[in-house]
Amino acid sequence: MRNREVIEREIHHAREDLEANLAELKHAVVEKVDVKARARVAIAKGKMAAEDAIENGKAVAVDAIQRGKSAAADFAVRGKDGAVDALNAAKARPVLVGGVVAGIVAVGVLAYVGRQKNWW
């Protein structure tokens, strides 16, 4: 049979090991269950993602504005050139332009008179 002191010493070591393991387990459980800390981390990550999205949105908006400005300037130049070309063509063929304008006016007058007299 073993000595009583040896048995008590083994029980004491076993108790210390058990308490140490229990403390480690409690610590691990507290870390896993610590909702506030996990929520803080999630909120911080969400804020960072939102800030990144805002910065990306600003960059995309600035780029779209620049592209819109350049496209508007191009359209203005093309419109001006088209108007000048149309004016030059009208000056080159005044009879044709006069005939087209007269036809448009005639159709407008007929439509107006037809509505007044209920032709259709």
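Notes on the structure in this doc start here. Quantities reported herein were computed from a predicted structural model and do not represent experimental measurements.

What counts as what
Residues numbered from 1 in each chain as written. Predicted model: local features only at pLDDT ≥ 70, side-chain atom pairs only at ≥ 80, totals over all residues. Heavy atoms only, no water. Helix = DSSP H or I, 4+ residues; strand = E, 2+ residues; numbered from the N terminus. Buried < 20%, exposed > 50% of the residue type's maximum accessible area, 1.4 Å probe, protein only. Salt bridge = Lys/Arg side-chain N within 4 Å of Asp/Glu carboxyl O.

Attention now goes to the environment of Leu110. Tracing the sequence through the fold places Leu110 in helix α3 (residues 94-116). Classification of Leu110 by relative accessible area gives exposed; the value is 51%. Spatially, the C-alpha atom of Leu110 lies 30 Å from that of Asn88, the residues being 22 residues apart in sequence.

Inspection of the entire model under this criterion finds three salt bridges. With its nearest N and O atoms 3.2 Å apart, the salt bridge here joins Glu8 to Arg4. With Glu8 and Arg4 both in helix α1 (residues 4-33) and four residues apart, the pair spans about one turn of that helix.

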